[in-house]
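As a plain string of letters, each chain reads:
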Amino acid sequence: QVQLVESGGGLVQAGGSLRLACAASGRTFSTYYMAWFRQAPGKEREFVATISRSGETSFNLDSVKDRFTISRDNAKNMGYLQMNSLKPEDTAVYYCACGAPVYESTRPRDYTYWGQGTQVTVSS
């Protein structure tokens, strides 16, 4: 069982940066692949990025590949999403998730554990 709590969201102007954090409870966090998803109003939940158990490899949505960086610190049971050059279309609730059976899973239904989400709003 893993509990996830996101933080770091907020209101930022286009071109700005935010760093989201995901705090995980339990001692088994390092055994899970971790991912970030986002959901804009009226849209389906969308995959953003995922990272391997060790943190050595990651995989991002094409539209954020050069702007967002996923990372993790297993010693602290923490995951992160560094978001640079933010655009209004990045506005959404951002969720961290873990528990997928395979790496690079982009489907929300593959993930067992979810945080409550943190709102990111980018103004133009």
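Throughout, a residue's number is its position along its own chain's written sequence, starting from 1. This being a predicted model, a pLDDT of at least 70 is required before a residue's local features are given, and a value of 80 or more before pairs of side-chain atoms are given or counted; all residues contribute to the totals for chains, interfaces and linings. Side-chain figures throughout are based on the complete set of non-hydrogen atoms in the structure, without hydrogens or water.

1. A closer look at the pattern of salt bridges
Salt bridges are identified by distance alone: a Lys or Arg side-chain nitrogen within 4 Å of an Asp or Glu carboxyl oxygen. Scanning the model with the defined rule gives five salt bridges in all. A salt bridge links Lys65 to Asp62, with the shortest nitrogen-to-oxygen separation between them at 3.0 Å. A salt bridge links Asp110 to Arg107; the nearest nitrogen and oxygen atoms lie 3.0 Å apart. Given a relative accessible area of 40%, Arg107 falls into the partly exposed group. Three or more residues are tied together by salt bridges with common partners; here these are Arg38, Glu46, Arg67 and Asp90. Burial here depends on accessible area, computed with a 1.4 Å probe over protein chains only, as a share of the maximum for the residue type. Under 20% is buried, over 50% is exposed, and the range in between is partly exposed.

2. With respect to the packing of aromatic side chains
Whether two aromatic rings pair depends on their centres lying within 6.5 Å, for rings of Phe, Tyr and Trp, where Trp uses its six-membered ring; planes under 30 degrees apart make the pair stacked, over 60 edge-to-face, and the rest tilted. For the structure shown, the criterion picks out eight aromatic pairs. Aromatic pair Tyr32 and Tyr113: ring centres 5.7 Å apart, planes at 80 degrees, arrangement edge-to-face. With Tyr32 in the loop between β3 (18-24) and β4 (34-39) and Tyr113 in strand β10 (residues 113-114), this residue pair connects regions lying 81 residues apart in the sequence. Tyr113 shares its class with Tyr32; the two are buried. Note on conventions: DSSP H or I runs of at least 4 residues are helices, E runs of at least 2 residues are strands, and numbering of each starts at the N terminus.

Nothing here speaks to function; it is geometry throughout.
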